[in-house]
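Residue-level structural notes
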Amino acid sequence: MNENGYHGTCSKYRYNIEKDGLDPQKCKYREDHWLGQGVYFFDDYDKAMWWATTISSQNDNCGAIIFKSIIEAPDEEVLNLDDNKQLDNFMTESLKLIEDVKINCPGKMPIFEDSKFRAVLFDYYKQQNGISVIIGTFCKEFAGYTTKRSESDKAMQRKIMNIIGIKFRERQICVSKKECIKLTKLVYNEEEEVI
C-alpha cells in the first residue's frame, strides 16, 4: 500500500503533530473507534476539511487544519474491508473469536455494546494478524458534508436511497503503526486563510 491520506483536526493539536508526527500511540483512546485505535485519514481532501471544521467547532472554533501524509505498508499488514475476500476472512476470524469466548467463559459471556464491539474486534484482529492499516468504506444516508435538507426532504432521501440501494460512501484509513505514516506536512491552516 502506498497512498495519500488527509488527516483533518483542529489547530490545538498542531504543535504536537509537528513535533511528534501523527503517532497512533499518542491518539486519544476511544472505545468506539470505527476501525479500532489509530490515526484516521480520509483519501478525500474535502472530507478531511469537513472533519477538521467539525472538530474545530467542538473546540471553541480554534481553527481547522489538515495534514497530508503518505501511508505506506506491506500488503500483508493491510486489512482492506473493501476487498470481499479480506472482509470474509475478517468475518470468519471474528465469528471464531466469539465462539471461543463463549466456550472459554461459560455463563460469563462478556457484554459487548454494539457501539464498542467493532473497535474490540478490529483491535484484536490487528494484534493477532500483524495488521498496521485498516481501510473501510462506510455508507451513510446523510453526512455533514452534503447538502443541507429539510426534515421532509431527508425522509424522502432516506426512502430513495433505500429503494436504489446506494448511499454516500466515506472511505477511511486507520493507521495503528507510526512507521506507516510518511512525509507528513500541513496543507491547510484555517488561520492562514483568514484575510
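A few points on the structure. Quantities reported herein were computed from a predicted structural model and do not represent experimental measurements.

On to the side chain of Glu141, then. Mapping Glu141 onto the fold places it in the loop between β5 (133–140) and α5 (151–164). Overall, the relative accessible area of 17% leaves Glu141 in the buried class. Within polar-contact distance, the side chain of Glu141 engages the side chain of Arg158 at 2.9 Å. If sequence neighbours within four positions are ignored, Glu141 has contacts with Gln157, Arg158, Met161, Asn162, Lys167 and Phe168.

As enumerated under the stated definition, the model contains 0 disulfides in all. Cysteine Cys174 is unpaired, with the sulfur of Cys27 as its nearest cysteine sulfur at 8.1 Å. On the basis of relative accessibility, which here comes to 0%, the residue Cys174 falls in the buried class.

Moving on, we get to helix α4 (residues 114–129). With 16 residues, α4 should reach 22 Å at 1.5 Å per residue; the first-to-last C-alpha distance of 23 Å fits that figure. Burial in α4 covers these residues: Ala119, Leu121, Phe122, Tyr125 and Lys126. Taken around the axis of α4, the buried residues stretch over an arc of 160°, which confines them to a single face. Where α4 is buried, its residues touch β4 (78–80), α3 (84–104), β5 and β6 (168–175). The first or second residue beyond α4 is Gly130, which carries a positive phi of 65°.

Right, let's talk about the nonpolar core for a bit. Counting 16 residues, the largest nonpolar core has Met1, Leu22, Phe41, Ile71, Val133, Ile173 and Val175 as its most contacted members. Going through the elements one at a time, β2 (39–42), β3 (64–72), β5 and β6 are the ones with two or more residues in this core. Top element by residues in this core is β3. It accounts for 3 residues. Residues contacting Met1, with those up to four places away along its chain left out, are Ile71, Glu72, Ala73, Asp75, Val78, Val133, Ile135 and Ile173.

The next thing to look at is the pairing of β5. For β5, a buried count of 7 out of 8 residues is recorded, marking the element as mostly surrounded by other parts of the structure. Note: β4 against β5, 3 bridges, orientation parallel. For Asn80, the partnering residue across the bridge sits in β5 and is Ile135.

What counts, and at which threshold
- Residues numbered from 1 in each chain as written.
- Predicted model: local features only at pLDDT ≥ 70, side-chain atom pairs only at ≥ 80, totals over all residues.
- Heavy atoms only, no water.
- Helix = DSSP H or I, 4+ residues; strand = E, 2+ residues; numbered from the N terminus.
- Buried < 20%, exposed > 50% of the residue type's maximum accessible area, 1.4 Å probe, protein only.
- Polar contact = N/O pair within 3.5 Å; in protein donor to acceptor, adjacent residues only side chain to side chain.
- Contact = heavy atoms within 4.5 Å.
- Disulfide = S-S within 2.5 Å.
- Expected span 1.5 Å × (residues − 1).
- Arc of directions from axis to C-beta.
- Core = buried A, V, L, I, M, F, W, Y, C linked by side-chain atoms within 4.5 Å.
- Pairing = 2+ DSSP bridges.

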